[in-house]
Amino acid sequence: MTLPHIGLALLINVIWGFAFVAAKEGIAHYSPLLFTALRFLLVAVFLAFYLKPVKGSMKTVAAIAVLVGIIHFSFLYFGLFVAGGVSAVAITIQLVAPFSLIMAVIFLKETVGWRRIVGLLMAFGGVMVLGFDPAVLDQINGVILVAMAAFCMAGGIILMRLVQGVGTMAMQAWIGLISFPVMLALSFIFEQGQYEAITTFELRSFAALIFTAVITTIVAHGGWYYLLQKYPVAVLTPYGLLAPVFGVGFGVFLYDEPISWKFIMGGALTLAGVFVINIRTAKKTATA
């Protein structure tokens, strides 16, 4: 990779790491479902140019929007809200990789070698260690919700592998358009204070909303797609594991979140397992 592209990869993962902080700040003012609805509204507006129907793929796109947009983000932001911290959430969401692997075996009939099985066990073992960390026990309900979010995202990834002719920005645009009205309706059913939250301007929360919609979705995801056009997956995969590291770092630095030896060991084990899974998957993709 060239030095500018290495810099871009690092910047993208800093953005993804900081996205946990932005979400925490956002749901401090907007309720979780309302925050998600507003995020998707902005994504759909900013990416309106890409809202062009793709013949034969729209049912799958709608299913992806339900899993990734509505259910995933509902669990993720509620989990972050309940947990109250960033670090455990940033690690737990990495369960997307082992969940995706399991679903690929079941639904896509992919084969799994012993190295990826070891990676799978390491990832789940790391989360188990996290679960017994006193620093995380107070956030365990949030961790469970985030694990469910990871499971739904994994399902969405499997569907994304099957859909044809839908680019990254188009997928984000359709997820935003389909998810926004549903999330807004759910917000009015299960939450209160929407009018006050929208009409009361709070700079940090509003900035967090803009960050998640524009910087995280359009800039970071768009930049990653750009790099994927230039480099093999195997080259980029190790960079992708930096996002939770940055997320934990921001949580410790900005919120003084506790870090114990169990948290370090559990987080390292989870990330190591995800690394093994991704490297094996990347090598298979690169040699296919």
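Preceding this section is the structure that the text describes.
This structure is a prediction, so every number in the text was calculated from the model and none was measured. (Residues numbered from 1 in each chain as written. Predicted model: local features only at pLDDT ≥ 70, side-chain atom pairs only at ≥ 80, totals over all residues. Heavy atoms only, no water.)

### Some words on the overall build of the chain
And step 1. Secondary structure assignment for the chain yields 14 helices and zero strands.
And step 2. In sequence order, the secondary structure elements of the chain are arranged as α-α-α-α-α-α-α-α-α-α-α-α-α-α.
And step 3. The buried share of the chain, reckoned over its 288 residues, is 49%.
And step 4. Taking the contacts inside the chain whose residues are at least 6 apart along the sequence as the reference set, 90% of them involve residues at least 24 apart.
And step 5. Accessible surface, the chain as shown: approximately 13500 Å² in total, 73% of it carbon and sulfur. (Helix = DSSP H or I, 4+ residues; strand = E, 2+ residues; numbered from the N terminus. Buried < 20%, exposed > 50% of the residue type's maximum accessible area, 1.4 Å probe, protein only. Contact = heavy atoms within 4.5 Å. Areas by Shrake-Rupley, 256 points an atom, 1.4 Å probe, with all protein chains shown as cover.)

### Some words on the packing of helix H5 (residues 96–107) against helix H8 (residues 140–162)
And step 1. The contact between H5 and H8 brings their axes to 8 Å, and the two run at 45°. Between H5 and H8, the angle is such that the two are oblique. Note that H5 runs across H8; the crossing there is right-handed. The segment H5 lies against H8, with Val 96, Phe 99, Ser 100, Met 103, Ala 104 and Phe 107 engaging Ala 147, Ala 150, Phe 151, Met 153, Ala 154, Gly 155, Ile 157, Ile 158 and Arg 161.
And step 2. Taken together, the residues of the contact of H5 with H8 sort by class into twelve nonpolar, two polar and one charged. (Axes fitted to C-alpha atoms, helices over the stretch in contact; angles between N-to-C directions. Parallel < 35°, antiparallel > 145°, perpendicular 65-115°, else oblique. Left-handed = near helix turned anticlockwise from the far one by under 90°. Nonpolar A, V, L, I, M, F, W, Y, C, P; charged D, E, K, R; others polar.)

### So, the side chain of Ser 100
And step 1. If you trace the backbone, Ser 100 turns up in helix H5.
And step 2. In contact with Ser 100, not counting residues within four places along its chain, are Ala 154, Ile 157 and Ile 158.

### Quick notes on the packing of aromatic side chains
And step 1. Evaluated as defined, the whole model comprises nine aromatic pairs.
And step 2. Residues Phe 35 and Tyr 77 carry aromatic rings whose centres are separated by 5.3 Å and whose planes lie at 75° to one another, so their mutual orientation is edge-to-face. Of this pair, Phe 35 sits in helix H2 (residues 32–46) while Tyr 77 sits in helix H3 (residues 58–83), and the two are 42 residues apart along the sequence.
And step 3. Judged by its relative accessible area of 3%, Tyr 77 falls in the buried class.
And step 4. Look at Phe 99 and Phe 151: their rings are 5.5 Å apart centre to centre, the planes differ by 80°, and that puts the pair in the edge-to-face class. Separated by 52 residues along the polypeptide, Phe 99 in helix H5 and Phe 151 in helix H8 bring together distant segments of the chain.
And step 5. On the basis of relative accessibility, which here comes to 46%, the residue Phe 151 falls in the partly exposed class.
And step 6. Each residue in the set Tyr 30, Phe 35, Phe 40, Phe 73 and Tyr 77 is aromatic and connected to the rest through ring pairs, giving one cluster. (Phe/Tyr/Trp six-rings, centres within 6.5 Å; stacked < 30°, edge-to-face > 60°.)

### As for the pattern of salt bridges
As a working rule, side chains carrying opposite charge can pair if their charged atoms are close by.
And step 1. Enumeration according to the criterion identifies one salt bridge in this entry.
And step 2. For the salt bridge of Glu 25 with Arg 204, the shortest nitrogen-to-oxygen distance reads 3.0 Å. One end of the pair, Glu 25, is in helix H1 (residues 3–26); the other, Arg 204, is in helix H11 (residues 203–228), with 179 residues separating them in the sequence. (Salt bridge = Lys/Arg side-chain N within 4 Å of Asp/Glu carboxyl O.)

### Overview of H3
And step 1. Between its terminal C-alpha atoms H3 stretches 35 Å, which fits the 38 Å expected from 26 residues at 1.5 Å a residue.
And step 2. Along H3, the sharpest kink reaches roughly 35°, centred on His 72.
And step 3. Gly 84 sits one or two residues past H3 and shows a positive phi near 75°. (Expected span 1.5 Å × (residues − 1). Bend = angle between axes of the 7 residues up to and from the residue.)

### Examining the environment of Ala 208
And step 1. Inspection of the secondary structure assignment puts Ala 208 in helix H11.
And step 2. Spatially, the C-alpha atoms of Ala 208 and Phe 20 are 9.8 Å apart, while their sequence positions differ by 188 residues.
And step 3. Those residues within four positions of Ala 208 in sequence are excluded, and the remaining contacts are Ala 22, Glu 25, Gly 26 and Phe 35.

### A closer look at the packing of H2 against H3
And step 1. At their nearest, the axes of H2 and H3 sit 9 Å apart, and the two run at 135° to each other. Regarding the angle of H2 to H3, the classification is oblique. Between H2 and H3 lies a crossing whose hand is right-handed. Taking contact as the criterion, the partners of Pro 32, Leu 33, Phe 35, Thr 36, Arg 39 and Phe 40 in H2 are, on H3, Gly 69, Phe 73, Ser 74, Tyr 77, Phe 78 and Phe 81.
And step 2. Grouping the constituent residues of the contact of H2 with H3 by class yields eight nonpolar, three polar and one charged.

### Thoughts on the side chain of Thr 216
And step 1. As for its position among the elements, Thr 216 is in helix H11.
And step 2. Given the relative accessible area of 5%, Thr 216 is considered buried.
And step 3. Sequence-distant contacts of Thr 216, that is, excluding residues within four places in its chain, are made with Ile 15, Trp 16, Ala 19, Arg 39, Phe 211 and His 221.

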